[in-house]
Amino acid sequence: MTISEALGRVRAAIEGAEAEAGRPAGSVTLIAVSKTFPEADVRTAIAAGQLVFGENRVQEAATKFPSVKADFPAVELHLIGPLQSNKAHEAVALFDVIHSVDREKIAAALAKEMQAQGRFPKLLVQVNTGEEPQKAGVAPRETVDFVRRCREVHGLTIAGLMCIPPVGDPPAPHFALLDELARRAGVPFRSMGMSSDYETAIGQGATHVRVGSAIFGYRDYGAA
Ligand SMILES: *Cc1c(COP(=O)(O)O)cnc(C)c1O
């Protein structure tokens, strides 16, 4: 299957899931996750009408996207992976949306860079819905307070929440929890759902789905 065909299938499945959930067509944004895939694949997806992309490493995105964005200014780039505060400068310069705000140190570093650069990416707070010790994200019970502190202490506007359910868990309860926390925090975006479960996520209120392998194919980390 070509990237263009795969994109067509994913778009159709998103439309189907929106309709089934009784949600308006176009209410879900598809983020095409291009990590490990070359710039040429990104350009192929752009030719097929895809303008929103996700990368999980600042460094990797910095090798592909400056030239892509120069050629296609409408491209919107999302950081969906972990962020260290020493990369805040580069992240604010390159990304339009950052999904991985998960501690005060990052919030403070982003606030400082955004003021310095006069560039204001939208920000999402990552929530560790499965409370996995090795996984990034704030604990569910701390989420509403963390969003409030981002606003009140750091002057940041938080646009939404993001989660990655534990491998092997049925994802729907995690998506439902994220939706409920977003409602309680008063933020509009819910970034949830990947290749294997984005239709489920749409049923639970996802506004952004992050789909990689279903568009670009199998990821060969060994060769990357
Ligand atoms: C890689 C990645 C995705 C996409 O995963 P697929 O299963 O290939 O769709 C989504 N979200 C995050 C945070 C990722 O790192």
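The structure we're discussing is the one just above.
Now for a look at the structure at hand.

Rules of the game
- Residues numbered from 1 in each chain as written.
- Predicted model: local features only at pLDDT ≥ 70, side-chain atom pairs only at ≥ 80, totals over all residues.
- Heavy atoms only, no water.
- Helix = DSSP H or I, 4+ residues; strand = E, 2+ residues; numbered from the N terminus.
- Rg over C-alpha atoms; globule rule 2.2 N^0.38 Å.
- Buried < 20%, exposed > 50% of the residue type's maximum accessible area, 1.4 Å probe, protein only.
- Contact = heavy atoms within 4.5 Å.
- Areas by Shrake-Rupley, 256 points an atom, 1.4 Å probe, with all protein chains shown as cover.

1. Digging into the overall build of the chain
So, step 1. Within the chain one finds 9 helices and 8 strands.
So, step 2. Here the C-alpha atoms of the chain give a radius of gyration of 17 Å, agreeing with the 17 Å that 2.2 N^0.38 yields for 224 residues.
So, step 3. Taken over the C-alpha atoms alone, the chain extends approximately 50 × 40 × 35 Å along its principal axes.
So, step 4. With 224 residues in all, the chain has 50% of them scored as buried.
So, step 5. Within the chain, contacts between residues at least 6 apart in sequence are counted, and of these 59% link residues at least 24 apart.
So, step 6. Carbon together with sulfur atoms contributes 53% to the accessible area of the chain, which is approximately 10200 Å² in total.

2. Topic: the environment of Ala-47
So, step 1. Considering the arrangement of structural elements, one finds Ala-47 in helix α2 (residues 39-47).
So, step 2. Note: C-alpha distance between Ala-47 and Ser-4 (43 residues apart in sequence) is 8.3 Å.

3. What to know about the environment of Ser-67
So, step 1. Structurally, Ser-67 can be placed in helix α3 (residues 58-71).
So, step 2. Those residues within four positions of Ser-67 in sequence are excluded, and the remaining contacts are Glu-39 and Arg-43.

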